[in-house]
Amino acid sequence: MSSSSFNAEEHKKMLRSYFNGQGFQRWASIYGDDKLSSIRNTVRQGHAVMMDKAFDWLQQLGLPKGATVLDAGCGTGLFSIRLAKEGYKVTAVDIASQMVDKAKAEATKQGVQDNITFEVNTLESVRGTYDAVVCFDVLIHYPAEGFSQVFRNLASLTKGSVIFTYAPYNKLLALMHWVGGYFPKKERRTTIQMIRDEEMQTAMKKTGMQVKSREKISFGFYHTMLMNASHK
Ligand SMILES: C[S@@+](CC[C@H](N)C(=O)[O-])C[C@H]1O[C@@H](n2cnc3c(N)ncnc32)[C@H](O)[C@@H]1O
């Protein structure tokens, strides 16, 4: 989808339907402990590496115990639960009710449900003020124009940091997408939308945020850029 044809409502509808259906099955098994193919296993491992790094960054912000964190696009709740165990007050939001139900059940199983408020809601519509916002492997589904709009809302929800991932533009990956699929057919996910450096700079400018840290995480078939953008 080119950015000029981006339709925010249609895009949300498509994501909601995917993550309540096939996407739920796919990602819940990657984020769970099912036996996986070797390709998906590298995605699980890469995601775990990214989460460890993001957790370190969040702790380095030096927020006090009980600080509020929004986990935007919380999926099955992996990061929310980890935060809740550390004593943060978490708001976990996802567009897909299937994901929220799964995250809630998991939080209850692990005894941290009282530290998490769950909400079926979108990155575009969520409101509030938080000490920090995290958003992992969600913005990878937004083309530049949509990314910029959604990121503006996330940036408005905190006076501190937004720690998030996105897919940086990469010529080779772009070619592979164009040729017709990076993954074998049965392994394909939703299309990954790559963001160019200049598009990221424009999005940052619109929010007045500055990039504090940026680290590329590559592990097998998992490739992402982790970023900490801050108002301070
Ligand atoms: C690949 S999963 C990542 C889940 C989680 N952040 C993690 O890293 O474990 C992407 C999640 O984003 C959610 N999502 C996609 N678009 C969204 C939107 N506009 N608002 C809220 N959640 C969204 C999906 O339902 C899905 O749970």
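Note that the structure is a prediction, hence the values are computed from the model and not measured. (Residues numbered from 1 in each chain as written. Predicted model: local features only at pLDDT ≥ 70, side-chain atom pairs only at ≥ 80, totals over all residues. Heavy atoms only, no water.)

### Quick notes on the confidence of the model for the chain
Phase 1: The predicted model of the chain has a mean per-residue pLDDT of 90, with 90% of residues at 70 or higher.
Phase 2: Counting interchain partners and residues more than four positions distant, the pLDDT-below-50 stretch residues 178-188 has 19 contacts. (pLDDT = per-residue confidence, 0-100. Contact = heavy atoms within 4.5 Å.)

### Topic: the site of the ligand
Phase 1: Of all residues adjacent to the ligand, which total 21 residues, the nearest are His 47, Gly 73, Asp 94, Phe 136 and Tyr 142.
Phase 2: Between Asp 94 and the ligand, the recorded distance is 2.6 Å, taken from a side-chain N or O atom to an oxygen atom.
Phase 3: Measuring from a nitrogen atom of the ligand, one finds a backbone N or O atom of Leu 123 at 2.9 Å.
Phase 4: Bound to the protein, the ligand loses 99% of the 590 Å² it would expose on its own.
Phase 5: Sorting the residues of the shell around the ligand by element identifies α1 (8-19), α2 (22-31) and α3 (38-60) as the ones contributing at least two each.
Phase 6: A per-class count over the shell around the ligand returns 13 nonpolar, 5 polar and 3 charged. (Near = heavy atom within 4 Å. Polar contact = N/O pair within 3.5 Å; in protein donor to acceptor, adjacent residues only side chain to side chain. Areas by Shrake-Rupley, 256 points an atom, 1.4 Å probe, with all protein chains shown as cover. Helix = DSSP H or I, 4+ residues; strand = E, 2+ residues; numbered from the N terminus. Nonpolar A, V, L, I, M, F, W, Y, C, P; charged D, E, K, R; others polar.)

### A short note on the pattern of salt bridges
Phase 1: Under the counting rule described, the total for this entry stands at 6 salt bridges.
Phase 2: Across the pair Glu 9 and Lys 12 runs a salt bridge whose closest N-O atoms are separated by 3.2 Å. Remark: Lys 12 and Glu 9 occur in helix α1; sequence separation between them is 3 residues, near one turn of the helix.
Phase 3: Two residues, Glu 106 and Lys 109, come together in a salt bridge whose shortest N-O distance is 3.8 Å. Of the two residues, Glu 106 and Lys 109 are both situated in helix α5 (residues 97-109); the distance of 3 residues between them amounts to about one turn of the helix. (Salt bridge = Lys/Arg side-chain N within 4 Å of Asp/Glu carboxyl O.)

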